[in-house]
Amino acid sequence: TPGTQSMYETHFPDVPGDRWTVIPNGYDEEDFAEAERAVTPRPPGGATVLVHSGVLYPEARDPRPFFEALADLKRSGQISTSNLKVVLRASGFDDRYQPQIRELGIDGIVSFEPALSYSEALAEMLSADGLLIFQASNCNWQIPAKLYECLRARRPIFALTDPDGDTGTVLKAEGGTIA
């Protein structure tokens, strides 16, 4: 990422500037073509489905502020189990986050689901109403590889990230609005 390149340029000032380059992450279009064939449309009128696919590292991708916002929305009656489903696929930290979910009273809205095959995970992303990205400001020099798959999935992305970090910069360059 540009932030990582800058960090290394600072750490290794004797390396000439023209020796550095950023090779962004990406996705394989063939993987998406296979996943698109596996997508089954959801029936209309169901709950809005938001998906986060991948590990939610506590220090780098802490979803607690998102959980608290969901709890506030539930208390105000704006969301419920009938109109919103948040899928946290293969979070890697289910045991850490499940007590938070229960404590906040959103366990009927947020579910922790096991890992899928790569193709199945892409198909799930393609069929979701929206995709979630979490990236803390202490990781501004990183971009989750999943971001590129989210962009390719062409689903709305709800990102909790620092607008000045590399993740925020990519989202803004792709036409996203960060408030």
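Rules behind the numbers
- Residues numbered from 1 in each chain as written.
- Predicted model: local features only at pLDDT ≥ 70, side-chain atom pairs only at ≥ 80, totals over all residues.
- Heavy atoms only, no water.
- Buried < 20%, exposed > 50% of the residue type's maximum accessible area, 1.4 Å probe, protein only.
- Helix = DSSP H or I, 4+ residues; strand = E, 2+ residues; numbered from the N terminus.
- Pairing = 2+ DSSP bridges.
- Right-handed = clockwise from strand over helix to strand, strands pointing away.
- Disulfide = S-S within 2.5 Å.
- Contact = heavy atoms within 4.5 Å.
- Salt bridge = Lys/Arg side-chain N within 4 Å of Asp/Glu carboxyl O.

(A) Fine view of the pairing of strand 2 (residues 84–89). Of all 6 residues making up strand 2, 5 are buried, and the element is well covered by its neighbours. With 6 bridges joining them, strand 1 (residues 48–53) and strand 2 adopt parallel strand pairing. Considered in strand 2, the bridge of Val49 is made with Lys85. Viewed along the sheet, the connection from strand 1 through helix 3 (residues 64–75) into strand 2 turns out right-handed. As paired strands, strand 2 and strand 3 (residues 110–113) are joined by 4 bridges and run parallel to one another. For Val86, the partnering residue across the bridge sits in strand 3 and is Val110.

(B) View of the state of the cysteines. Under the definition given, this model contains 0 disulfides. The structure places no disulfide on Cys139, whose sulfur is separated from the nearest cysteine sulfur, that of Cys150, by 17 Å. A residue is classified by how much of its surface remains accessible, and Cys150, at 2% relative accessible area, is buried.

(C) Broad picture of helix 1 (residues 2–11). Along helix 1, the positions that sit buried rather than exposed are Gly3, Thr4 and Gln5. Considering only its buried residues, helix 1 is in contact with helix 7 (166–173).

(D) Structural detail: the pattern of salt bridges. Scanning the model with the defined rule gives 8 salt bridges in all. Glu36 is the partner of Arg152 in a salt bridge, and the nearest nitrogen-oxygen pair spans 3.0 Å. Of this pair, Arg152 sits in helix 6 (residues 146–153) while Glu36 sits in helix 2 (residues 29–38), placing them 116 residues apart in sequence. With relative accessibility at 38%, the residue Glu36 sits in the partly exposed group. One salt bridge in this structure joins Asp72 and Arg75, with 2.3 Å as the shortest N-O distance. In this pair, Asp72 and Arg75 are both assigned in helix 3, 3 residues apart and thus about one turn of the helix distant. Look at Asp72 and you get partly exposed, because its relative accessible area is 45%. Judged by its relative accessible area of 60%, Arg75 is exposed. Here the salt bridges do not stand alone but share partners, grouping Glu29, Glu36 and Arg152 into one network.

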